[in-house]
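Spelled out from the first residue to the last, the chains are:
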Amino acid sequence: ASQAEEKDLVIIGGGVAGYVAAIKAGQEGLKVTCIEKRGMLGGTCLNVGCIPSKSLLNNSHLYHQILHDTKNRGIEVGDVKLNLQAMMKAKDTSVTGLTKGIEFLFKKNGVEYIKGTGAFASEHEVKVALNDGGETSVIGKNILIATGSESTPFPGLEFDEKRVVTSTGALSLEKVPEKMIVIGGGIIGLEMGSVWSRLGAKVTVVEFLDQIGGPGMDNEIAKQTLKLLKKQGMEFKLGTKVVSGDNSGETVKLEVDSAKGGKSETLDADVVLVAIGRRPYTAGLGLENVGLEVDERGRVVIDSEYRTKASHIRCIGDCTFGPMLAHKAEEEAVAAVEYIKKGYGHVNYGVIPSVMYTHPEVAWVGQSEQDLKKDNIPYKIGTFPFSANSRAKTNLDTEGMVKMIADPETDRLLGCHIIGPNAGEMIAEATLALEYGASTEDIARTCHAHPTLAEAFKEAAMATYSKAIHY
Ligand code: FAD
Ligand code: NAD
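Residues numbered from 1 in each chain as written. Chains lettered and ligands numbered in written order. Predicted model: local features only at pLDDT ≥ 70, side-chain atom pairs only at ≥ 80, totals over all residues. Heavy atoms only, no water.

Draft legend 1. Quick look at the UniProt feature "domain: Pyridine nucleotide-disulphide oxidoreductase dimerisation" (unreviewed entry) in the protein. Under the UniProt annotation, the feature "domain: Pyridine nucleotide-disulphide oxidoreductase dimerisation" (unreviewed entry) is placed at residues 352–461. With 34% helix and 26% strand, the stretch residues 352–461 has end C-alpha atoms that lie 20 Å from each other. (UniProt positions renumbered as here; feature names shortened; annotations may be inferred. Helix = DSSP H or I, 4+ residues; strand = E, 2+ residues; numbered from the N terminus.)

Below, the structure is given as structure tokens:
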């Protein structure tokens, strides 16, 4: 269907940013086309990111718990065996179900879906090299770039996705490696490191900084996280940089140095996961054909309404500014379509939660203690440990705490940091409180059901403006 009718919106990329924008645009009555080259909708998140990693995290946790944490619960189990193939199949089933679901939502909302690779031919025309061969082109009154991101490579260590892997390879290993080295102690490194450590690999995380967790995690919470992950058997080399790697021998060898200089050593492993961050992906998009700019980190330059230099071309998600998170991409997708349709839209970048799905989970929203210190902003803190929470105690899962940070004068919540069971669900409550400008007293005076883990959240709020009852 070459040179078909002009669409109101043409979206390049069918990841979370692109597919949500497409559905929203369909709902708003816009004529919309979404171009995706993967052959499946949902992008990194559904195919090789959030969803498959959470499947493996959940099932590896269950396996690990059955091996190590049943006796004192009065459950005696017999022979426990890992069937990695079946675990991978469960992961694939979740992924396929969800990606097919999006195809259904496209149909339901009248979104045209083209399987192919899009590139700018001119300011309003996108050429598509179809996956099935051949070419087509679509014309858009508006165009949305939502091409996402890719793993940052480590110089000199080429990815083969078998022995030197990105997160994608780490989601599909055919057997449990004996020794695994993870370069980068950020979210990917700790989530995927947890999976393989629970399944039996000896995992060593090499992190350049003196702290794990990547950007944004509160220092105090990061320290607790490190302690708990070490207790689970993961090893850490902090303040250590990888100088070079060699994948030519029987094992992969890495030369590492103390980040401050001096001590160096050679490490070796069956599998090396490189998890040193992701970078925007705009290769082959033909940005130069329409004079669009990327910054020094490869991010497409946009204004506060997601507009590039050409005001009908917008960009959202991982390929532009801000945290590389699926829910951030999703918020931007709705806002961008609203800008196109109605002229206004909004995302509150100060209130975007982060969750690391290890066990216990780590979750946070708003400002960290170190952020506030750095900016010389006064604050007060309230904490509550899960060891004093009745539900955590009955669940025999008491590690971690809730930490709340508030303005000492107005008591307005500034940030919340949780390490503990179900932290990822509980952070939604803090996110809502922050969005609505709640004080910690507002939170503490809100009745919470008993016995729930969320009572730890309420009591941390109590401890911020007054005193907790149970601690
Ligand atoms: P993407 O999801 O990368 O989608 C972009 C799409 O565009 C891709 O499908 C690509 O094929 C397509 N594309 C690119 N160029 C073209 C072209 N020229 N033509 C056609 N199509 C094109 N975030 C969370 O919030 N929670 C999590 O738990 C989480 N877990 C993660 C785990 C892992 C292992 C990884 C790698 C990431 C994880 N993320 C998580 C991050 C999340 O996946 C991303 O933030 C999110 O996918 C960004 O969405 P996006 O649409 O901007 O980009
Ligand atoms: P990251 O930025 O979270 O962490 C990378 C870590 O690698 C940092 O701690 C950094 O100091 C370290 N590092 C960088 N270069 C290094 C080197 N040469 N040697 C040793 N350490 C080095 O990046 P990531 O973990 O790769 O994740 C990428 C993106 O994916 C993030 O933006 C993250 O938000 C997103 N993601 C989110 C989730 C989630 O929300 N649960 C899960 C996975 C990924």
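Draft legend 2. Quick look at the site of ligand 2. Near ligand 2, the surroundings consist of 22 residues, among which Ile-188, Glu-191, Glu-207, Gly-277 and Val-355 are the closest. Here Glu-207 contributes a side-chain N or O atom positioned 2.6 Å from an oxygen atom of ligand 2. Burial of ligand 2 by the protein chains amounts to 79% of its free accessible area of 840 Å². Looking at which element gives the most residues to the shell around ligand 2, the answer is helix 6 (residues 187–198), with three residues. Here the residues of the shell around ligand 2 sort into 14 nonpolar, four polar and four charged. (Near = heavy atom within 4 Å. Polar contact = N/O pair within 3.5 Å; in protein donor to acceptor, adjacent residues only side chain to side chain. Areas by Shrake-Rupley, 256 points an atom, 1.4 Å probe, with all protein chains shown as cover. Nonpolar A, V, L, I, M, F, W, Y, C, P; charged D, E, K, R; others polar.)

Draft legend 3. Region of interest: the state of the cysteines. One pass over the full model with this rule turns up one disulfide. Here Cys-45 connects covalently by a disulfide to Cys-50, the sulfurs 2.4 Å from one another. Around the S-S axis, the bridge from Cys-45 to Cys-50 shows a dihedral of about -130 degrees and counts as left-handed. Overall, Cys-45 belongs to the buried group, its relative accessible area being 12%. Relative accessible area serves as the criterion here: at 26%, Cys-50 is assigned to the partly exposed category. Distance from the sulfur of Cys-315, which forms no disulfide, to the nearest cysteine sulfur (Cys-319) is 3.4 Å. In this structure Cys-315 comes out as buried when scored by relative accessible area, which is 0%. (Disulfide = S-S within 2.5 Å. Buried < 20%, exposed > 50% of the residue type's maximum accessible area, 1.4 Å probe, protein only.)

Draft legend 4. Spatial organisation of helix 3 (residues 50–68). When the terminal C-alpha atoms of helix 3 are compared, their 26 Å separation across 19 residues agrees well with the 27 Å that a helix rising 1.5 Å per residue should span. Those residues of helix 3 that sit buried are Pro-52, Ser-53, Ser-55, Leu-56, Leu-57, Ser-60 and Tyr-63. On the buried face of helix 3, the contacting elements are helix 2 (43–48), helix 4 (84–108) and helix 6. (Expected span 1.5 Å × (residues − 1). Contact = heavy atoms within 4.5 Å.)

Draft legend 5. Main features of helix 11 (residues 423–435). Between its first and last C-alpha atoms helix 11 spans 18 Å; for 13 residues at 1.5 Å apiece the expected length is 18 Å, and the two agree. Directly after helix 11, the chain includes Gly-437, whose backbone phi takes a positive value near 70 degrees.

Draft legend 6. Representation of the UniProt feature "binding site: NAD(+)" (unreviewed entry) in the protein in the model. Mapped onto this numbering, the UniProt entry annotates "binding site: NAD(+)" (unreviewed entry) at Gly-184, Gly-185, Gly-186, Ile-187, Ile-188, Gly-189, Leu-190, Glu-191, Glu-207 and Gly-277. In summary, the annotated positions, though distributed over 94 residues, converge in three dimensions, the widest C-alpha pair being only 14.3 Å. Tracing the sequence through the fold places Gly-184 in the loop between strand 8 (179–183) and helix 6. Here Gly-184 falls in the buried class, since its relative accessible area comes to 8%. Gly-184 has contacts with Gly-189, Val-205, Val-206, Glu-207, Ala-275 and Ile-276, leaving out every residue within four places of it along the chain.

Draft legend 7. Inspection of the packing of aromatic side chains at higher detail. Enumeration according to the criterion identifies three aromatic pairs in this entry. Where Tyr-306 meets Tyr-339, the ring centres are 6.0 Å apart and the plane angle is 65 degrees; that geometry is what we call edge-to-face. Pair noted here: Tyr-306 is in the loop between strand 15 (278–280) and strand 16 (313–315) and Tyr-339 is in helix 8 (residues 326–342), with a separation of 33 residues, a long-range link. Just as Tyr-306 is buried, Tyr-339 falls in that class too. (Phe/Tyr/Trp six-rings, centres within 6.5 Å; stacked < 30°, edge-to-face > 60°.)

Draft legend 8. Representation of the site of ligand 1. Near ligand 1 there are 37 residues, and of these Glu-36, Thr-44, Lys-54, Asp-318 and Ala-326 occur at the shortest range. Backbone polar atom of Val-16 to an oxygen atom of ligand 1: 3.1 Å apart, as the coordinates give it. Between ligand 1 and the protein, one listed contact pairs an oxygen atom with a side-chain N or O atom of Lys-54 at 2.7 Å. Protein contact buries 94% of the 1,000 Å² of open area that ligand 1 shows by itself. If you list the elements that add at least two residues to the shell around ligand 1, you get helix 1 (16–27), strand 2 (32–36), helix 2, helix 3, strand 3 (112–120) and helix 8. The greatest single-element share of the shell around ligand 1, amounting to four residues, is contributed by helix 2. Residues of the shell around ligand 1, tallied by class, amount to 15 nonpolar, 16 polar and six charged.

Draft legend 9. Quick look at the side chain of Arg-299. Relative to the assigned elements, Arg-299 resides in the loop between strand 15 and strand 16. Its relative accessible area of 16% is what places Arg-299 among the buried residues. Within the local environment of Arg-299, its side chain forms a polar contact with the side chain of Asp-295, the two groups lying 2.8 Å apart.

Draft legend 10. Seen up close, the sheet that holds strand 14 (residues 271–274). Read from one edge of the open sheet, five strands run 7-14-8-9-10, paired in parallel fashion. Looking along the sheet, the strands with just one partner apiece sit at the ends: strand 7 (164–165) and strand 10 (235–237). The pairing of strand 8 with strand 9 (residues 202–206) spans five bridges and is parallel. Bridge assignment links Ile-181 to a residue of strand 9, and that residue is Thr-204. Docked against the sheet, helix 6 engages strand 8, strand 9, strand 10 and strand 14, running at close to 165 degrees with respect to strand 9. (Pairing = 2+ DSSP bridges. Axes fitted to C-alpha atoms, helices over the stretch in contact; angles between N-to-C directions.)

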